[in-house]
Amino acid sequence: MTVEKISNIIKIKRKLSYGVHELWIENSLISKQAKPGQFVIVRTSEKGERIPLTIVDVNGEDLRIVVKAVGKSTYELCALKEKDKLYDVVGPLGKPSEVKHYGNVLVIGGGVGIAAVLPIAKALKNMENRITVIIGSRTAQDLILKDEFTFADKLVLTTDDGSIGYRGTVIDAMKTELGSENYNIIWSIGPALMMKYSSEVAKTYNIPIWVSLNSIMIDGTGMCGGCRTVIKTENLEEIKYVCVDGPEFDGRYVDWDSFIKRLNQYKQQEKLSLEKYLREVGEPTWL
Amino acid sequence: MAVKERIHVPEQPADIRKSNFSEVSLGYTPELAQQEASRCLQCKIPTCVSGCPVGINIPGFIKEIANGNFEKSYRILKSYNYLPAICGRVCPQETQCEGACVLNKISKPINIGALERFAADWAYENKVKHENLVPNTSPQQKITKNKKIAIIGSGPAGLTVASELGKYGYNVDIYEALHEFGGVLTYGIPEFRLPKSIVKKETEDLEALGVRFFKNIPVGYAISVREIIEYYDTIFVGVGAGTPKFMGIPGSELNGVYSANEFLTRINLMKAYKFPEYDTPVRVGKKVVVVGGGNTAMDAARSALRLGADVTIVYRRTEAEMPARKDEIQHAKEEGVKFYTLAVPIRYLGDDLGNLIAIECIRMELGLPDESGRRRPVEIPNSNFIIQADTVIEAIGTQANRFLLSQFPDLKTNKYGYIVTNEFGQTSNPKIFAGGDIVTGSATVISAMGAGKKAVEGIIKFLEEG
């Protein structure tokens, strides 16, 4: 029992692309227990929000997260420096990914979701699956972590502007892959719309597809119900809690429309909060 | 001898308090407390004590207040109950100690809750030291000081177990999954009923007993169950009932549909009422409907009111059947919360963006009594009607949270998912005890504390006799 020694100090911080940063945080409890697919919730200050973030990697006493600055709280996270301490870190939360031998697996990552699929892809590779990875972003500069997928049997890069890899989206590349090969299962993590479209494609091919839902969440322990999401199977409509029943679900059964609408619940407040923050700190040069 | 009138407790006027989160009740002044305390008849056989789940020496502490010995009064209280300022505020005294007061026969009972609160607040304001408090019960067993106890959950049950075992000199560690201690006292009960500074003070007092607090530790996740069972001599599980129930009617996924747990957690734990000074927001809008008739419904309604909304409580029975404390209903009414009884929502209506705009309800009438003894509400056909609403808060109760229990697969649970224990809180694993809402389903703070006290007896017996 080493509970007393948890420091939550940022050991390493690195900018991956504009507004996307990785942090290695010292927390041996989490680093020892974390499994691919699980997440942590962090706070930056006494007044801060609880921010859920996927655990990207662990190394000894440290865990790695990748943050994209989209609002006040994530701007603040990106502004932290090495040796700074996070105010709170809790985890590992959520159910781990179902990592086992499937055979031929397609792994898709979009934007900052590339970081979230990395540990799952690695773990699947270790279970002797054949892994094809498709990762994509807007431009070559945004395409994070592409050098960390060397373990994949096949790596496909896509950018919207064609500055690296194929010109197009990960969905285009996905269709090409599914058209040319048989896959047993798919993982797809990225922006909600990307996960929605990839799920629709998977449905037409009748292949299970795991997506990792990034619902708005508070406690992360099943206590508030804020992250609830409608899961519709053939004849059953169920409310599931992303924090404890997920975060991964078969994307073919997610009610994407209500999921996406719920992501916009606090849009006005988020805008207000970011504007206020930027008035206080000035130009966010650190992004 | 004529009994004097019960002394009214000063409170913030309704038209002022309805727009702030400061405590409604201002508490007795020393003079008022002495006057109220002197009404106590000091019964030889005090019925009030038998009405108290933790068996506080009520006439004893009241007598000291009457005599102006406030510090002594506080010491008596604290020796029975480490959380007197909390209990004085949130216990349902009308059904417990005050309900059992003999004065009920001829007048109004002693305001035991307000006196308890007074003694505790007075002691904290005057920085009374509370070291060297002795346990009020001396166990038969000898105490082995090097035994280690883990408490999972820092709500009222866990805090009670910690205080009792701490007083006996055991090594107690409390694990809390959230970033603040106190459980429902912190995330559930609003500031205007229970200031968080009080929760913090009474929680921190336990550190003087050597109790160690660890936050952000979801047991079973950050620490494995195997590890905790091996390391500690015994474990107490007091994780609360936890997960909110939803009615599950069409439209439940709309933006603006909250569980009371989420709405109150945003406001109390995350301080969304101070947004944007605090980062966590809450949606309120102009019109808020709260569904339910319990204390949680009143808390949610009064919180929404303080954030500037027009608030209506919709309840399927009549006011007489509402499980909320009468005082809370009264407070809500004084502040301007509207009550629409004998109605229930059947559908939520939203706009294209997925935002709630209205609620379709149906009227009810009372039929024959159900198993709870209350008359069952029955729908009146074709009585549907629409209420405009930007926000609806469902406060219809909670159910067992599997978050922790899924990590303890061997613990026997009942058909509702609550842990099965004997009368001393011992579970199907003799080393693990449990108490509070995770055993009984949602109940009160004091009943969780009572369960904690019972479990302490069981734990000491287990630790010392095996």
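This text goes with the structure placed above it.
Residues numbered from 1 in each chain as written. Chains lettered and ligands numbered in written order. Predicted model: local features only at pLDDT ≥ 70, side-chain atom pairs only at ≥ 80, totals over all residues.

Here we come to the overall build of chain B. Scanning chain B from terminus to terminus reveals 17 helices and 16 strands. Since a compact globule built from 466 residues should have a radius of gyration of about 23 Å, the 23 Å found for chain B is in line with a globular shape. Each principal axis of the C-alpha atoms in chain B carries an extent, and together these give about 65 × 65 × 50 Å. The proportion of buried residues among the 466 residues of chain B is 54%. For chain B, restricting intrachain contacts to residue pairs at least 6 apart in sequence, the fraction spanning at least 24 positions comes to 69%. (Helix = DSSP H or I, 4+ residues; strand = E, 2+ residues; numbered from the N terminus. Rg over C-alpha atoms; globule rule 2.2 N^0.38 Å. Buried ≥ 20, exposed ≤ 12 C-beta atoms within 10 Å, placed from the backbone. Contact = placed C-beta atoms within 7 Å.)

Listed as interface residues are 37 residues of chain A and, on the opposing side, 40 residues of chain B. Residue assignment for the side of chain A that touches chain B shows that the elements contributing at least two residues are α1 (28-33), α2 (72-79), β7 (88-93), α7 (256-263) and α8 (267-281) of chain A. Residue contributions to the side of chain A that touches chain B peak at 6 residues, all from β7(A). Of the residues assigned to the side of chain A that touches chain B, the class counts are 16 nonpolar, 12 polar and 9 charged. (Nonpolar A, V, L, I, M, F, W, Y, C, P; charged D, E, K, R; others polar.)

Our focus in this paragraph is the pairing of strand β8 (residues 310-315) of chain B. All names here are of chain B. Burial analysis of β8 places 5 of its 6 residues in the buried class, the great majority of the element. With 5 bridges joining them, strand β7 (residues 287-291) and β8 adopt parallel strand pairing. Its bridge partner lying in β8, valine 289 is registered against threonine 312. Sheet analysis places β8 next to strand β9 (residues 338-341), joined by 4 bridges and oriented parallel. Bridge pairing links threonine 312 to lysine 338 in β9. In terms of handedness, the path from β8 via helix α14 (residues 326-335) over to β9 forms a crossover that is right-handed. (Pairing = 2+ DSSP bridges. Right-handed = clockwise from strand over helix to strand, strands pointing away.)

What follows deals with the nonpolar core. The biggest cluster of nonpolar side chains holds 222 residues, and the ones touching the most others in it are A:Val40, B:Ala119, B:Phe236, B:Val290 and B:Ala301. Of the residues forming this core, the biggest block, 10 residues, is contributed by helix α17 (residues 445-465) of chain B. Here B:Ala119 is in contact with B:Phe61, B:Ile65, B:Phe70, B:Ser73, B:Tyr74, B:Leu77 and B:Pro84, once residues within four sequence places are set aside. (Core = buried A, V, L, I, M, F, W, Y, C linked by C-beta atoms within 7 Å.)

Residue and element names in this part refer to chain B. Taken N-terminus to C-terminus, the directions of helix α4 (residues 58-66) and helix α5 (residues 70-80) make an angle of 165 degrees; their axes are 7 Å apart at the nearest point. By the criterion of interaxial angle, the relationship of α4 to α5 is roughly antiparallel. Remark: the crossing between α4 and α5 carries left-handed chirality. Note on element contacts: α5 touches α4 through Phe70, Lys72, Ser73, Ile76 and Leu77, opposite Gly60, Phe61, Glu64 and Ile65. (Axes fitted to C-alpha atoms, helices over the stretch in contact; angles between N-to-C directions. Parallel < 35°, antiparallel > 145°, perpendicular 65-115°, else oblique. Left-handed = near helix turned anticlockwise from the far one by under 90°.)

Residues and elements named next belong to chain B. By the element assignment, alanine 389 lies in the loop between β13 (385-388) and β14 (391-394). For the pair alanine 389 and alanine 157, spaced 232 residues apart in the sequence, the C-alpha separation amounts to 37 Å. What alanine 389 contacts, discounting residues up to four positions off in sequence, is Lys287, Val288, Val289, Leu356, Ala358 and Ile359.

It is worth spelling out the sheet that holds strand β10 (residues 154-159) of chain A at this point. Residue and element names in this part refer to chain A. Spatial strand order, β11-β10-β9-β8-β12-β13-β16: 7 strands in an open sheet with mixed pairing. Across the chains shown, the open sheet's two edge strands, defined by having one partner strand only, are β11 (166-167) and β16 (248-250). Sheet topology places β10 next to β11; 2 bridges connect them, and they run parallel. Bridge pairing links threonine 159 to arginine 167 in β11. Sitting on the sheet, helix α3 (residues 113-126) touches β8 (104-110), β9 (130-137), β12 (185-189) and β13 (209-212), and the angle it makes with β8 is about 165 degrees. Here helix α5 (residues 192-205) sits on the sheet in contact with β8, β12 and β13, set at roughly 170 degrees to β13.

Our next topic: unusual backbone geometry. In this chain, A:Gly246 is followed by A:Pro247 through a cis amide linkage whose omega measures 15 degrees. Turning to its location among the elements, A:Pro247 is positioned in the loop between α6 (242-245) and β16. In this structure, B:Pro276 follows B:Phe275 across a cis peptide bond, with omega equal to 5 degrees. Looking at the element boundaries, B:Pro276 is found in the loop between α12 (260-269) and β7. We note that B:Leu342 has phi near 55 degrees; this positive angle belongs to a residue other than glycine. Note on placement: B:Leu342 falls in the loop between β9 and β10 (343-350). Overall, B:Leu342 belongs to the partly exposed group, with 19 C-beta atoms counted inside 10 Å. The phi dihedral of B:Asn382 falls on the positive side, at around 60 degrees, and the residue is not glycine. Summarising the element assignment, B:Asn382 is placed in the loop between β12 (375-379) and β13. On the basis of neighbour count, B:Asn382 is assigned to the exposed category, with 7 C-beta atoms found within 10 Å.

Time to look at α2(A). Residue and element names in this part refer to chain A. Counted residue by residue, α2 has 6 buried out of 8 residues, so it is predominantly covered. By the burial criterion, the buried members of α2 are Lys72, Ser73, Thr74, Tyr75, Glu76 and Leu77. In this structure, the buried residues of α2 make contact with β4 (51-54), β6 (62-68) and α8.

Attention now moves to the environment of B:Ser163. Residues and elements named next belong to chain B. Mapped onto the elements of the fold, serine 163 is located in helix α8 (residues 156-167). Note: C-alpha distance between serine 163 and leucine 206 (43 residues apart in sequence) is 6.1 Å. When sequence neighbours within four positions are dropped, the list of residues in contact with serine 163 reads Tyr82, Leu206 and Leu209.

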